[in-house]
Amino acid sequence: AVQIEELVNLNTHLDIEERATWVHNRVFYLALPPRGMESTTKNIESCCMSTAGWNRVIGEKPFGRDLDSSNALSRHLASSFTEDQIYRIDHYLGKEMVQNLLVLRFANRIFTPLWNRDNIASVQIVFKEPFGTQGRGGYFDEFGIIRDVMQNHLLQILCLVAMERPPTSDADDIRLEKVKVLKSVQPIELKDLVLGQYVASNIPENAESAQGYLDDPTVPEGSKTPTFATGVFYVRNERWDGVPFVLKCGKALNDRKAEIRVQFKDVPGPIFGDCVRNELVIRVQPQEAVY
């Protein structure tokens, strides 16, 4: 959390810097653990708000640890700020290829007749990192890979892949279409979920592989927190019913990669033997590409 003395000093500095202008707008970007968000925003309200312009507070994910803590944080913010002053963000939406997903889908007519359960066999959304917790085990262990990556980064991408065309590109219209997708996702069952935790493996050319998750001194002893997860999601609506959306994410893996793989169904009545299925691959990172 940011202490009140630090914000008093920041306010003094900003007052000096803003003397040359009539309007003093301020944006506070908070990349903090949920436990530090409440005290920091209360301190901002008490001593660091602009009185000659607008104020905005940006809260980066994770926004709480679960539904109850998220609701509690929302109530706290509402006691200090109006809703149009609050921005809850997932920084992964700032990735260039993620931003271009809507353009790829809705500005290219070639995809319109193909983007449905009649033509698509499955969708894989993959997030891989070649490094472990790197001394951040205390933070990571509180959330795990599902809360840290799957339920925000990957679900956001799933929504962009599966959503219907919004009436406009306005943020509210896009959000409403995303919500419709999430409401159509059936609850995941244990049989559709695989969890794991990385151990020391001594992968060549990867010095970090010599240390397992429990070898990190910042990780609680005997932790069962998953560092790898694969989940199969189903969107029960007219467009996607029966199509598996496979979300995979993990740390300390063999590669750094984030990509979407849209696998199309086999051609009926093939005349060339066992041809490999067509795939559309959208690489989010590194080296963005579509092929």
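See above for the structure.
Residues numbered from 1 in each chain as written. Predicted model: local features only at pLDDT ≥ 70, side-chain atom pairs only at ≥ 80, totals over all residues. Heavy atoms only, no water.

Overview of the environment of Arg261
Definition in use: By the criteria applied, helices consist of DSSP H or I runs no shorter than four residues and strands consist of E runs no shorter than two, each listed in order from the N terminus. Accessible area is worked out with a 1.4 Å probe on protein chains only. A residue is then buried under 20% of its type maximum, exposed over 50%, and partly exposed in between. Note on contacts: a residue pair qualifies if any of its non-hydrogen atoms lie within 4.5 Å across the two residues. Nitrogen and oxygen atoms within 3.5 Å of one another constitute a polar contact, given that in protein one can donate a hydrogen and the other can accept it, and given that sequence-neighbouring residues count only through two side-chain atoms.
Positionally, Arg261 belongs in strand β8 (residues 257–264). For Arg261, a relative accessible area of 22% corresponds to the partly exposed category. Spatially, the C-alpha atoms of Arg261 and Gln124 are 5.0 Å apart, while their sequence positions differ by 137 residues. Here Arg261 is in contact with Ser122, Val123, Gln124, Glu279, Leu280, Val281 and Tyr291, once residues within four sequence places are set aside. A polar contact is formed between the side chain of Arg261 and the side chain of Glu259, at a distance of 2.9 Å. In terms of polar contacts, Arg261 uses its side chain to reach the side chain of Glu279, at 2.8 Å.

Description of the sheet that holds β8
Here is the rule we go by: Pairing between strands requires that DSSP locate at least two bridges from one strand to the other. Here, axes are lines fitted to C-alpha atoms. For helices the fit covers the stretch in contact, and angles between N-to-C directions go from 0 to 180 degrees.
With mixed pairing, the seven strands of this open sheet are ordered in space as β5-β6-β7-β4-β8-β9-β10. The open sheet is flanked by β5 (193–196) and β10 (289–290), the only strands paired with a single partner. Both strand β4 (residues 120–128) and β8 contribute to a ladder of eight bridges, which runs antiparallel. Note on β8: the bridge partner recorded for Val123 is Val262. The sheet strands contacting helix α6 (residues 137–162) are β4, β5, β6 (228–234), β7 (244–250) and β8, and the helix crosses β7 at an angle near 145°.

Observations regarding the packing of helix α2 (residues 34–47) against helix α3 (residues 67–78)
The following threshold applies: Working definition: roughly parallel below 35 degrees, roughly antiparallel above 145 degrees, roughly perpendicular at 65 to 115 degrees, and oblique for all remaining angles. Residues are sorted three ways: Asp, Glu, Lys and Arg are charged, Ala, Val, Leu, Ile, Met, Phe, Trp, Tyr, Cys and Pro are nonpolar, and all the rest, Gly among them, are polar.
Relative orientation of the contacting elements α2 and α3 amounts to 5°, with a least axis distance of 10 Å. Taken together, α2 and α3 sit at an angle that is classed as roughly parallel. Residue-level contacts link Met37, Glu38, Thr41 and Lys42 of α2 to Ala72, Leu73, His76 and Leu77 of α3. Here the contact of α2 with α3 is composed, by residue class, of four nonpolar, two polar and two charged.

Re the sheet that holds strand β3 (residues 86–89)
Whether parallel or antiparallel, the strands of a sheet pair through hydrogen bonds between backbone atoms. Pairing in this open sheet of three strands is parallel, and the strands run β1-β2-β3 from one edge to the other. Two strands bound the open sheet, and with one partner strand each, they are β1 (26–30) and β3. Going from strand to strand, the sheet's axes swing by 15° on average, the running direction of each strand aside. In this sheet, strand β2 (residues 55–60) lies alongside β1 in parallel orientation, the contact comprising five bridges. Pairing of Leu30 across the sheet is with Gly59, part of β2. Seen against the sheet, α2 touches β1 and β2 and runs at an angle of roughly 165° to β1.

Things to note about unusual backbone geometry
Here the amide bond leading from Gln285 into Pro286 is cis, since omega sits at -15°, within 30 degrees of zero. For Ala252, which is not glycine, the phi torsion reads 55° and is therefore positive. The topology assignment puts Ala252 in the loop between β7 and β8. Within the chain, Gln287 stands out as a residue other than glycine whose phi angle is a positive 50°. On the secondary structure map, Gln287 appears in the loop between β9 (279–285) and β10. Look at Gln287 and you get exposed, because its relative accessible area is 65%.

Some points on the nonpolar core
Basically, it comes down to this: Nonpolar core, defined: a set of buried Ala, Val, Leu, Ile, Met, Phe, Trp, Tyr and Cys residues in which side-chain atoms within 4.5 Å join the residues together.
Leu158, Phe245, Leu247 and Ile260 are the most contacted members of the largest nonpolar core, which totals 46 residues. At 12 residues, α6 tops the list of elements feeding residues into this core. Apart from the residues lying within four places of it in its own chain, the contact partners of Ile260 are Leu101, Val123, Gln124, Ile125, Ile157, Val161, Leu280, Val281 and Ile282. In this structure, Leu7, Phe28, Leu32 and Met37 belong to the second largest nonpolar core, which totals 14 residues.

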